[in-house]
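# Observations on the model geometry
Residue-level listing of the chains:
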Amino acid sequence: GDSVTQTEGLVTLTEGLPVMLNCTYQTIYSNAFLFWYVHYLNESPWLLLRSSTDNKRTEHQGFHATLHKSSSSFHLQKSSAQLSDSALYYCAYLSGSFNKLTFGAGTRLAVCP
Amino acid sequence: EAAVTQSPRSKVAVTGGKVTLSCHQTNNHDYMYWYRQDTGHGLRLIHYSYVADSTEKGDIPDGYKASRPSQENFSLILELASLSQTAVYFCASSDRANTEVFFGKGTRLTVV
């Protein structure tokens, strides 16, 4: 079945350094909808980015990601980490015909002063 | 603004007891979901529904039942709670045509 892999469980960065959170996926479907959700403690997870277009950069709130179907990847990047970026980040894949999201295990980003 | 409300927000249950987690959405969305969050596993889909009075099994349905009595309400039922069901549970909704999923704030369930 479909699967999403986030290789890092925890990423610790100093404020101002670049961010890159990895996401790869496996699917039998040719159409791929990929998402990044962000989850702050005691809040609801919410949609940060989404894309279904191959090789097109998607940006929101300083973060960006590019879907590469050739490598089945959708890595999340930001040029300069901020303290407020500390959160849990989920990569997710939309599969089938029922809006069924498959999530990765999540990467916790901790940004330190 | 889209709203998904879960109740209770936290609960302590006894092993073998029955637990019902409730979810209400005011988004007028067709699809509703129950996810379980565990460290190292991310969000895993338990049950979902795309129409009232119908539910579907997700990826980890064992030990859980779901009920969708109306478009707005979706419940998760643990008939015999077990220690392994201690987790944070998230309800979510989405529109048939919209690929964005809106989440509630979660219910922290502790089974003792």
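Computed from a predicted model, the values in this text were never measured in an experiment.

How each quantity is defined
Residues numbered from 1 in each chain as written. Chains lettered and ligands numbered in written order. Predicted model: local features only at pLDDT ≥ 70, side-chain atom pairs only at ≥ 80, totals over all residues. Heavy atoms only, no water. Helix = DSSP H or I, 4+ residues; strand = E, 2+ residues; numbered from the N terminus. Rg over C-alpha atoms; globule rule 2.2 N^0.38 Å. Buried < 20%, exposed > 50% of the residue type's maximum accessible area, 1.4 Å probe, protein only. Contact = heavy atoms within 4.5 Å. Areas by Shrake-Rupley, 256 points an atom, 1.4 Å probe, with all protein chains shown as cover. Pairing = 2+ DSSP bridges. Axes fitted to C-alpha atoms, helices over the stretch in contact; angles between N-to-C directions. Salt bridge = Lys/Arg side-chain N within 4 Å of Asp/Glu carboxyl O.

## With respect to the overall build of chain A
From N to C terminus, chain A includes 0 helices and 12 strands. Expected size for 113 residues packed as a compact globule is a radius of gyration near 13 Å; at 14 Å, chain A falls within 12% of this value. Along the three orthogonal principal directions, the C-alpha set of chain A runs to about 45 × 30 × 20 Å. Within chain A, buried positions represent 47% of all 113 residues. Considering only contacts in chain A between residues 6 or more positions apart, those separated by 24 or more positions represent 54%. About 5400 Å² of surface is accessible on chain A, with carbon and sulfur atoms providing 51% of the total.

## Describing the sheet that holds strand S7 (residues 57-60) of chain A
Residues and elements named next belong to chain A. The 4 strands lie next to each other as S3-S9-S8-S7, forming an open sheet whose pairing is antiparallel. Of all strands in the sheet, those bounded by a partner on one side alone are strand S3 (19-21) and S7. Adjacent strand axes in the sheet meet at a mean angle of 20° when their direction is disregarded. Sheet topology places strand S8 (residues 63-66) next to strand S9 (residues 76-78); 3 bridges connect them, and they run antiparallel. Of the residues in S9, the one forming a bridge with His64 is Gln77.

## What to know about the sheet that holds strand S7 (residues 65-67) of chain B
Residue and element names in this part refer to chain B. With respect to topology, 4 strands assemble into an open sheet ordered S1-S3-S8-S7, the strand pairing being antiparallel. Since the sheet does not close on itself, it has two edges, and those belong to strand S1 (4-7) and S7, each with one partner. Adjacent strand axes in the sheet meet at a mean angle of 20°, parallel and antiparallel pairs treated alike. Of the pairings in the sheet, the one linking S1 to strand S3 (residues 19-25) comprises 4 bridges and is antiparallel in character. In the sheet register, Ser7 faces S3, and the bridge partner there is Ser22.

## Some details on the environment of Ser93 of chain B
Residues and elements named next belong to chain B. Inspection of the secondary structure assignment puts Ser93 in strand S9 (residues 87-94). The exposure class assigned to Ser93 is buried, which follows from its relative accessible area of 0%. Between the C-alpha atoms of Ser93 and Tyr64, which are 29 residues apart in sequence, the distance is 19 Å. With sequence-adjacent residues up to four places away left out, Ser93 is seen in contact with Val4, Gln25, Asn27, His29, Tyr31, Met32, Tyr33, Glu100, Val101 and Phe102.

## Side note on the pattern of salt bridges
Should the charged atoms of two oppositely charged side chains come close, the side chains can pair. Residues and elements named next belong to chain B. Tallied over the full model, the rule gives 6 salt bridges over all chains. A salt bridge links Asp38 to Arg36, with the shortest nitrogen-to-oxygen separation between them at 2.7 Å. Here Asp38 matches Arg36 in class, with each residue buried. One salt bridge connects Arg44 with Asp38, and the closest N-O pair in it is separated by 3.0 Å. Exposure remark for Arg44: the relative accessible area of 24% places this residue in the partly exposed category. Residue classification places Asp38 among the buried residues on the basis of a relative accessible area of 14%. If you follow the salt bridges from partner to partner, you end up with Arg36, Asp38 and Arg44 in one network.

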